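# Examination of the molecular architecture
Below, each chain spelled out in residue letters.
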Amino acid sequence: MGIDSNTLQADVSSTPQTSFDLPLSTGSILEIHTVCLPPQKTTFQKLKHRLSEIFFPDDPLHRFKNQTFLRKVVLGFQYFFPILQWVPSYSFSTFRSDFISGLTIASLAIPQGISYAKLAKLPPIIGLYSSFVPPLIYSVLGSSRHLGVGPVSIASLVMGTMLSESVSYNQEQDLYLGLTFTATFFAGLFQASLGFVRLGFIIDFLSKATLVGFMAGAAVIVSLQQLKGLLGIVNFTKKMQIIPVMSSVFNHTNEWSWKTIVLGFSFLILLLIARLTSLKRPKLFWISAAAPLTSVIASTVLVFLLKSELQDVSIIGKLPDGLNPPSAKMLYFHGPHLGLAIRVGIVTGILSLTEGIAVGRTFAALQNYQVDGNKEMMAIGLMNMAGSCSSCYVTTGSFSRSAVNYNAGAKTAFSNIVMAGSVLVTMLFLMPLFYYTPNLVLAAIIITAVIGLIDYNAAFQLWKLDKLDFLACLCSFFGVLFISVPIGLAISVGVSVFKILLHVTRPNTMVLGNIPGTQIYQNISRYKNASTIPSFLIIGIESPIYFANSTYLQQRILRWVREEEERLQQKEENLKCVILDMTAVTAIDISGVDAMYELRKTLTNRSIQFVLVNPVGSVMEKLKHSEILDLLRTNQLYLTVGEAVSDISSSWKA
């Protein structure tokens, strides 16, 4: 992208500051302005400003300005407990909307909770426990009005995959549960810590390209894993790669049950039809929301009535009833598996945090309100820490539940409280009704839920916009399919980081030319009517100049100079001046300063004038302290390219 050299990013002032006055040349059309240094600040002031920009870009304390002490106390409580913002003005009409929304998402959360717990290789009841305590805590601490909290497919898959590689639930149930709760504790601790120290930008390393590929790959793996339930296979592989999974499917054809296949695919088709109907007609959202619970009820009744004919259909069996049992004593803070719990906690914490914040911001944008990312991190983190002590595993905001919550007309987070209340009633009184629920319907529910994670349109858009992002997407997708979920994610993050390093170490440089009839200078390869100025080479840089790219920039600029000299020699002309437009150079370090010094020295030895244009305040300050400005004469530092060309051309004519 070209650089508008008339954009004034340096301070123009007549106040007495350290500056370099450039006299107006005779016959010059333009007034030549002064390039000023920024106002002097102490090291402490600079550090304070920098830390403020890094950690507090949203200025969270602005609401406390010019307020009385009592008002500040009230605002403080509202800041840490967002529930206090909407409770005082809560009305019956709002309650009615939230109540209906809460019941609607409960009909989705109950079957999903049971299904996702099995995906994490946990007892189904753990999924219901995780749909009770965390939503209550989030409703007090969370700032989103529409986020539906509970277990999610991706975090469940990753947790089950990573833990089962080292510990088998069937062989060591207590250890597996302890590691699950411990990983959940560390996930919450990590999330809350990021929010508390305001380091949420760390999760930005999971770019959209990475997540698109990762979620699509995970959705495929999850769906193929559910063939165990849909086909009635008993001895199924525990591996999560596509080749072992498909091999297990076709190597155990003798275990396939035609009754299970007919029932399973029938309910899968019904669920997919319900989902497609709601997608085409958003007003019928309640169809896809009610379909999972309806399928569970219908399949349970069918298996109960035909239990003599459907004896080979696998069922959930007895589920314990009652409230969440405490699990604080099961947390695993020592021993050989502690490292595993920490790794699983950090990975699932990052994934669930990314999903939760993205979902919250999506629906906040639709209703034109703000979601505080750092507060969301603390809310999600604290609810997971509390959940780990009450037999819950990692939870976050689910897109499917949030979409249903939004479409059902939720107004506040009270809908989560209603949902949690519905789950509580289920755990206390309705658990015996799930005894005959077949596993095949849970598999169908999981497939229907995760199929929406395959975003074809996003992948196509990545291909059109950025091929390197598309490569990261493919690496993530195939890494998950053929290697493993954690390694696939790591590969995609590595590609994304490589892209960042590539942009930093190999920044854009361009030759600028004048657009006729204006004082605007733009990229000559972008603007075909822009023309170069005889005897001038004007180069634009579009990045900070750091140790990582200073050598490259120096070499690239000298290459531009060599190519321009060769071009001018054919016309029997000479290159007299190189102008470096630093409008987009937002920062420079000592390596960058040294590169500027060496570049000036090289060009001077070749009798070529070296000129800097519009260095921003921080760059000017670094150049001043390095004394390189003392080496620049009065006609080597300008505010715009137009002023530089006009003044230097006039000096040559004088």
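## Notes on the overall build of the protein chain
Looking only at helices and strands, one finds 25 helices and 10 strands in the protein chain. Taking the contacts inside the protein chain whose residues are at least 6 apart along the sequence as the reference set, 79% of them involve residues at least 24 apart. Across the protein chain, the 49 positively charged side chains and the 38 negatively charged ones have centroids separated by 8 Å.

## Concerning the packing of helix α4 (residues 92–119) against helix α17 (residues 414–430)
At a closest axis distance of 7 Å, the pairing of α4 and α17 adopts a crossing angle of 50°. When the axis of α4 is compared with that of α17, the two are oblique. In terms of crossing hand, the pair formed by α4 and α17 is right-handed. When α4 is examined against α17, the residues F95, D98, F99, S101, G102, L103, I105, A106, A109 and I110 are found in contact with a partner set consisting of F414, S415, V418, M419, S422, V423 and T426. Within the contact of α4 with α17, the residues separate by chemical class into 11 nonpolar, 5 polar and 1 charged.

## Description of the nonpolar core
By size, the foremost hydrophobic cluster in this structure holds 91 residues, and its most contacted members are L122, L128, L179 and F214. The greatest single-element share of this core, amounting to 10 residues, is contributed by helix α8 (residues 173–196). Counting residues in hydrophobic clusters, the runner-up holds 34 residues, among them I539, F610, L612 and V616.

## A word on the pattern of salt bridges
Taken as a whole, this structure holds 5 salt bridges when the rule is applied. The salt bridge partner of E565 is R606, with a shortest N-O separation of 2.6 Å. Of the two residues, E565 sits in helix α22 (residues 550–570) while R606 sits in the loop between α23 (590–605) and β9 (609–613), which places them 41 residues apart along the sequence. The class for R606 is partly exposed, based on a relative accessible area of 35%. In the salt-bridge network here, residues are joined through shared partners; they are D466, D469 and K499.

## Structural notes on the side chain of S131
Locating S131 in the fold gives a position in the loop between α5 (124–129) and α6 (133–141). Sequence-distant contacts of S131, that is, excluding residues within four places in its chain, are made with A109, G113, P151, M419, A420 and V423.

## Regarding the layout of surface pockets
Taken as a whole, the largest pocket spans an internal volume of roughly 1300 Å³. Together, 38 residues line the largest pocket, and R275, F399, S400, G452 and L453 are the ones closest to its centre. Mapped by element, the contributors of at least two residues to the lining of the largest pocket are α4, α9 (208–225), α12 (258–280), α13 (285–305), α14 (338–366), α16 (399–407) and α18 (439–450). Each residue belonging to the lining of the largest pocket can be placed in one class, and the counts come to 22 nonpolar, 12 polar and 4 charged. The space that makes up the second largest pocket amounts to roughly 980 Å³. Lining the second largest pocket are 35 residues, and of these K118, K121, N170, Q225 and K228 sit closest to its centre. Looking at the lining of the second largest pocket, the elements with two or more residues in it are α4, α7 (153–164), α10 (227–231) and α18. Looking at which element gives the most residues to the lining of the second largest pocket, the answer is α18, with 5 residues. Residue composition of the lining of the second largest pocket, grouped by class: 18 nonpolar, 12 polar and 5 charged.

## Quick notes on the environment of V611
Examined against the element boundaries, V611 turns out to sit in strand β9. In the structure, V611 is positioned 449 residues away from M162 in sequence and 58 Å away in space, judged by C-alpha atoms. With residues near it in sequence (within four places) discarded, V611 still touches C577, V578, I579, L580, N635, Q636, L637, Y638, A644 and I648.

## Digging into the confidence of the model for the protein chain
With 94% of its residues at a pLDDT of 70 or more, the protein chain has an overall mean of 86. Across residues 1–28 the pLDDT falls below 50, and counting only partners more than four positions away or on other chains, this stretch makes 82 contacts in the model.

## As for unusual backbone geometry
A positive phi is found at K121, a non-glycine position, where the angle reads about 60°. Residue position: K121 is located in the loop between α4 and α5. The class for K121 is partly exposed, based on a relative accessible area of 26%. Although it is not a glycine, S607 sits at a positive phi angle of roughly 60°. Mapped onto the fold, S607 is located in the loop between α23 and β9.

## Let's talk about the packing of aromatic side chains
Counting across every chain of the model gives 19 aromatic pairs. Three or more aromatic residues link up through ring pairs in this structure, and these residues are W86, Y90, F92, F95, F99 and F414. Cation over ring: K375 sits above Y79, and NZ or CZ is 4.6 Å from the ring centre.

## Quick look at the packing of α4 against α16
With their axes 9 Å apart at the nearest point, α4 and α16 run at an angle of 165° to one another. The pairing of α4 with α16 is recorded here as roughly antiparallel in orientation. As α4 packs across α16, the resulting crossing turns out to be right-handed. Here S101, T104, I105, L108, A109, Q112 and Y116 of α4 lie close against α16, whose contacting residues are S400, R401, V404 and N405.

## Some details on the environment of S143
With respect to the helices and strands, the residue S143 is situated in the loop between α6 and β3 (148–150). Classification of S143 as buried rests on a relative accessible area of 16%. Contact partners of S143, with chain neighbours within four places excluded, come to P82, Y138, Y369, V371, D372 and E376.

## Brief notes about α8
Between the first and last C-alpha of α8 there are 34 Å, a value that for 24 residues agrees with the 34 Å anticipated at 1.5 Å per step. Most of α8 is tucked away, with 18 of its 24 residues classed as buried. One or two residues past the end of α8 sits R198, with phi positive at roughly 55°.

## Remarks on the side chain of S97
Relative to the elements of secondary structure, S97 occurs in helix α4. Look at S97 and you get buried, because its relative accessible area is 19%. Not counting residues up to four positions away in its chain, the partners in contact with S97 are A408, G409, A410 and K411.

## Thoughts on the pairing of strand β8 (residues 577–581)
Remark: a regular strand shows side chains that alternate across the two faces of the sheet. Burial analysis of β8 places 5 of its 5 residues in the buried class, which makes it a mostly covered element. The alternating pattern of β8 places C577, I579 and D581 and V578 and L580 on opposite faces, both of which are buried. As judged from the 5 bridges shared by strand β7 (residues 536–541) and β8, these two strands associate in the parallel manner. Within the sheet, the bridge partner assigned to I539 lies in β8 and is L580. Note that the unit made of β7, α22 and β8 has a crossover that is right-handed. Bridge count for β8 against β9 is 5 bridges, and the pairing is parallel.

Rules and cut-offs
Residues numbered from 1 in each chain as written. Predicted model: local features only at pLDDT ≥ 70, side-chain atom pairs only at ≥ 80, totals over all residues. Heavy atoms only, no water. Helix = DSSP H or I, 4+ residues; strand = E, 2+ residues; numbered from the N terminus. Contact = heavy atoms within 4.5 Å. Lys, Arg positive; Asp, Glu negative; His and termini not counted. Charge placed at Lys NZ, Arg CZ, Asp CG, Glu CD. Axes fitted to C-alpha atoms, helices over the stretch in contact; angles between N-to-C directions. Parallel < 35°, antiparallel > 145°, perpendicular 65-115°, else oblique. Left-handed = near helix turned anticlockwise from the far one by under 90°. Nonpolar A, V, L, I, M, F, W, Y, C, P; charged D, E, K, R; others polar. Core = buried A, V, L, I, M, F, W, Y, C linked by side-chain atoms within 4.5 Å. Buried < 20%, exposed > 50% of the residue type's maximum accessible area, 1.4 Å probe, protein only. Salt bridge = Lys/Arg side-chain N within 4 Å of Asp/Glu carboxyl O. 1 Å grid on protein atoms, 1.4 Å probe; cavity = no way out; pocket = protein on both sides within 12 Å on 5 of 7 lines; lining within 4 Å. Points joined across faces, edges and corners; volume = space filled by probe spheres on them. pLDDT = per-residue confidence, 0-100. Phe/Tyr/Trp six-rings, centres within 6.5 Å; stacked < 30°, edge-to-face > 60°. Lys NZ or Arg CZ within 6 Å of the ring centre and 35° of its normal. Expected span 1.5 Å × (residues − 1). Pairing = 2+ DSSP bridges. Right-handed = clockwise from strand over helix to strand, strands pointing away.

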